[in-house]
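Residue-level structure breakdown
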Amino acid sequence: MATEIVWNQATVADWRRLIAGAAGATLPQSGAYARAIALTERQVPHFGVIHDATGETGCILVLERRALKALSRVSIHRGPLWLRPDVPTETVTGAAAEAKTVGVRSQLQMQF
């Protein structure tokens, strides 16, 4: 199985579990931060869970600000966060490539 990011399918409890298990997680990766930014700065949070052949390997929070209908700006704070210290290099490279394309626009937002 290739590296894949599953967007906006994690529940609030899932996201808390992932962040708690990731070394070095900070406030900008939390669901509470995403909710605050969504309300105050009108950015859309997208929650990604990174999978490879071994299962869940990491998570990433992407904040998107849309301008007009064709433009958007994407922010990633210190992401992705890895759940294990032994994540294979191919998983890291594949996740970074997919996160750059951020194919999340057609996905539903995570609701708080």
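Placed above this text is the structure.
Presented here is an overview of the structure given in this document.

1. Comments concerning the pairing of strand 4 (residues 71-76)
- As defined by bridge partners, strand 3 (residues 55-67) adjoins strand 4 across six bridges and the pair is classed as antiparallel. Across the sheet, the residue bridging to leucine 63 is serine 75, located in strand 4.

2. Some points on the packing of aromatic side chains
- As enumerated under the stated definition, the model contains one aromatic pair in all.
- Geometrically, the ring pair formed by tryptophan 15 and phenylalanine 47 is edge-to-face, given 4.8 Å between the ring centres and 75° between the ring planes. Of this pair, tryptophan 15 sits in helix 1 (residues 12-21) while phenylalanine 47 sits in strand 2 (residues 44-52), and the two are 32 residues apart along the sequence. Both residues of the pair, tryptophan 15 and phenylalanine 47, count as buried.

3. Thoughts on the nonpolar core
- Trp15, Leu18, Ile19, Phe47, Cys59, Leu61 and Leu81 are the most contacted members of the largest nonpolar core, which has 13 residues in total.
- Where this core is concerned, the elements lending two or more residues are helix 1, helix 2 (31-41), strand 2 and strand 3.
- Setting aside residues up to four positions removed in sequence, leucine 81 forms contacts with Ile19, Ala22, Ala23, Gly24, Ala25, Gln29, Thr57, Gly58 and Cys59.
- Core analysis: the next-biggest nonpolar cluster, separate from the first, contains five residues, Ile5, Trp7, Ile50 and Ile60 among them.

4. What to know about unusual backbone geometry
- One non-glycine residue, asparagine 8, adopts positive backbone phi at about 60°.
- The backbone phi angle of arginine 42 is positive, close to 55°, even though this residue is not glycine.
- Relative to the helices and strands, arginine 42 resides in the loop between helix 2 and strand 2.
- Under the relative-accessibility criterion, arginine 42 is labelled exposed at 72%.

5. Re the side chain of asparagine 8
- Tracing the backbone shows asparagine 8 in the loop between strand 1 (4-7) and helix 1.
- On the basis of relative accessible area, asparagine 8 is assigned to the buried category, the value being 8%.

6. Let's talk about helix 2
- All of the buried residues in helix 2 are Gly31, Ala34 and Ile37. Taken around the axis of helix 2, the buried residues stretch over an arc of 125°, which confines them to a single face. For helix 2, exposure combined with an orientation more than 90 degrees from the buried face picks out Ala32, Leu39 and Thr40.
- At its buried positions, helix 2 is contacted by helix 1, strand 2 and strand 3.
- Positive phi appears at arginine 42, one or two residues downstream of helix 2, with a value of about 55°.

Cut-offs applied
- Residues numbered from 1 in each chain as written.
- Predicted model: local features only at pLDDT ≥ 70, side-chain atom pairs only at ≥ 80, totals over all residues.
- Heavy atoms only, no water.
- Pairing = 2+ DSSP bridges.
- Helix = DSSP H or I, 4+ residues; strand = E, 2+ residues; numbered from the N terminus.
- Phe/Tyr/Trp six-rings, centres within 6.5 Å; stacked < 30°, edge-to-face > 60°.
- Buried < 20%, exposed > 50% of the residue type's maximum accessible area, 1.4 Å probe, protein only.
- Core = buried A, V, L, I, M, F, W, Y, C linked by side-chain atoms within 4.5 Å.
- Contact = heavy atoms within 4.5 Å.
- Arc of directions from axis to C-beta.

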